[in-house]
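Coordinate inspection notes
Below are the chains, spelled out letter by letter.
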Amino acid sequence: MTTVLKLGGSVVTEKDTPETVDDDALARAASAVAAHEGDLVLVHGGGSFGHHAAAERGVSTAEGTRSAADAVAIHDAMGRLNGAVLDALHAEGVEALPVRPLSVASRDAAGALSLPTGSVATMLEEGFTPVLHGDGVAQAGSGVTITSGDDLVVALARELAVDRVGLCSTVPGVLDSSGEVIDRIERFSDVADAVGDSDATDVTGGMAAKVEKLLALSAPAHVFGPDGLSAFLAGESPGTVVAGRE
Ligand SMILES: Nc1ncnc2c1ncn2[C@@H]1O[C@H](COP(=O)(O)OP(=O)(O)OP(=O)(O)O)[C@@H](O)[C@H]1O
Ligand SMILES: C=C(C)CCOP(=O)(O)O
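Residues numbered from 1 in each chain as written. Chains lettered and ligands numbered in written order. Predicted model: local features only at pLDDT ≥ 70, side-chain atom pairs only at ≥ 80, totals over all residues. Heavy atoms only, no water.

**Observations regarding the site of ligand 2**
Neighbouring ligand 2 are 15 residues; Lys6, Gly46, His51, Gly149 and Thr204 lie closest to it. Measuring from an oxygen atom of ligand 2, one finds a side-chain N or O atom of histidine 51 at 2.7 Å. One nitrogen or oxygen atom from the main chain of glycine 149 is found 2.7 Å from an oxygen atom belonging to ligand 2. Protein contact buries 98% of the 330 Å² of open area that ligand 2 shows by itself. Elements represented by at least two residues in the shell around ligand 2 include exactly α3 (47-56), α4 (68-91) and α6 (149-159). (Near = heavy atom within 4 Å. Polar contact = N/O pair within 3.5 Å; in protein donor to acceptor, adjacent residues only side chain to side chain. Areas by Shrake-Rupley, 256 points an atom, 1.4 Å probe, with all protein chains shown as cover. Helix = DSSP H or I, 4+ residues; strand = E, 2+ residues; numbered from the N terminus.)

Printed below as a string of structure tokens:
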């Protein structure tokens, strides 16, 4: 049983204060991950590390940079957060290893992501927990643009034999226009009026972009908050199920 789990940057950082880890939230998430049995691929988002670094330099999913210094600055900010995530996982006894997209992933001119997954698959076979993160990635015709952790989740779910997909964000699920958690989403048009961008600095699009990407997956995906993380890892369905295409 292989699970792909994204820990939202909004969960593991203080998203409004540049380069600030939410140590307590990260430690709780690491402890929930440590209790999981089965193969797990982790992805984390940018939170107050990647999004601030990218926004300061005018780089987003649509606007690239041709400055190596800018791309490396964004990548380094994500490296600092990745280091904090790995430290928290190691403290809980999780044998976590970094997999850093800038060096291996690419996008074509239309934005389609290629992510070689040989290292991830072999790490899993050898008993490690790979930890990827949203990053700057070279894109044909645009220099380096931002690839969200959400896109990495989708690529991993397509390339590996993944049974479960989870996105842990700060919200308890996808909320309807009255603020209630929606149980199940089958079509984007069902929620188009309710979902929007992130409240915080975010160059990759918030909840609307997440729902659109997850609907394209063949497997169902779960969107939940930190209180739902242990339940998700135990095989339950907290928050919102975004139905796959089958
Ligand atoms: N209908 C909705 N339901 C839930 N959240 C919504 C909705 N519309 C907009 N949002 C926003 O989307 C945010 C979640 O997206 P965001 O990209 O910030 O999360 P994340 O993946 O946890 O963080 P990061 O992008 O840093 O990894 C919520 O915090 C909220 O501000
Ligand atoms: C901003 C950067 C570098 C990564 C964004 O990843 P996300 O938070 O998963 O959307």
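Read on for the rest.
**Focus on the UniProt feature "binding site: substrate" (unreviewed entry) in the chain**
Under the UniProt annotation, the feature "binding site: substrate" (unreviewed entry) is placed at His51 and Gly149. These annotated residues cover 99 residues of sequence, and their C-alpha atoms lie no more than 11.7 Å from one another, placing them together at a single site. Considering the arrangement of structural elements, one finds histidine 51 in helix α3. The residues touching histidine 51, leaving out its near neighbours within four places in the chain, are Lys15, Gly46, Thr201, Asp202, Val203 and Thr204. With respect to the secondary-structure elements, glycine 149 resides in helix α6. Judged by relative accessible area, which is 3%, glycine 149 ranks as buried. Beyond its immediate sequence surroundings of up to four residues, glycine 149 is in contact with Lys6, Val43 and Gly134. (UniProt positions renumbered as here; feature names shortened; annotations may be inferred. Contact = heavy atoms within 4.5 Å. Buried < 20%, exposed > 50% of the residue type's maximum accessible area, 1.4 Å probe, protein only.)

**Section: the confidence of the model for the chain**
Taken residue by residue, the chain gives an average pLDDT of 95. The fraction at 70 or more is 100%. Across the interface, the model reports ipTM at 0.96; the global pTM reads 0.96. (pLDDT = per-residue confidence, 0-100.)

**Here's the deal with the pattern of salt bridges**
As enumerated under the stated definition, the model contains 10 salt bridges in all. A salt bridge links lysine 15 to aspartate 202, with the nearest nitrogen and oxygen atoms 2.7 Å apart. Of this pair, lysine 15 sits in the loop between α1 (9-12) and α2 (23-34) while aspartate 202 sits in the loop between β10 (184-185) and α7 (206-215); the two residues are 187 residues apart in sequence, bridging distant segments of the chain. Its relative accessible area of 13% is what places lysine 15 among the buried residues. Linking glutamate 56 and arginine 57 is a salt bridge whose minimum nitrogen-to-oxygen distance equals 3.5 Å. The network of salt bridges with shared partners includes Lys6, Asp150 and Lys210. (Salt bridge = Lys/Arg side-chain N within 4 Å of Asp/Glu carboxyl O.)

**Re the pairing of strand β2 (residues 39-44)**
Most of β2 sits out of view: five of its six residues are buried. Where strand β1 (residues 2-7) meets β2, six bridges bridge the pair, whose relative direction is parallel. Its bridge partner being in β2, lysine 6 is matched across the sheet by valine 43. Sheet topology places β2 next to strand β6 (residues 129-133); three bridges connect them, and they run parallel. By the bridge assignment, valine 43 is partnered in β6 with leucine 132. (Pairing = 2+ DSSP bridges.)

**As for the site of ligand 1**
Contacts to ligand 1 come from 25 residues, most closely from Gly9, Ser10, Ser169, Ser198 and Lys210. Between ligand 1 and the protein, one listed contact pairs a nitrogen atom with a backbone N or O atom of glycine 196 at 3.0 Å. Considered on its own, ligand 1 offers 640 Å² of accessible surface; in the complex 91% of this is hidden by protein. Listing elements by their share of the shell around ligand 1, those giving two or more residues are α1, α3 and α7. Partitioning the shell around ligand 1 into residue classes produces six nonpolar, 13 polar and six charged. (Nonpolar A, V, L, I, M, F, W, Y, C, P; charged D, E, K, R; others polar.)

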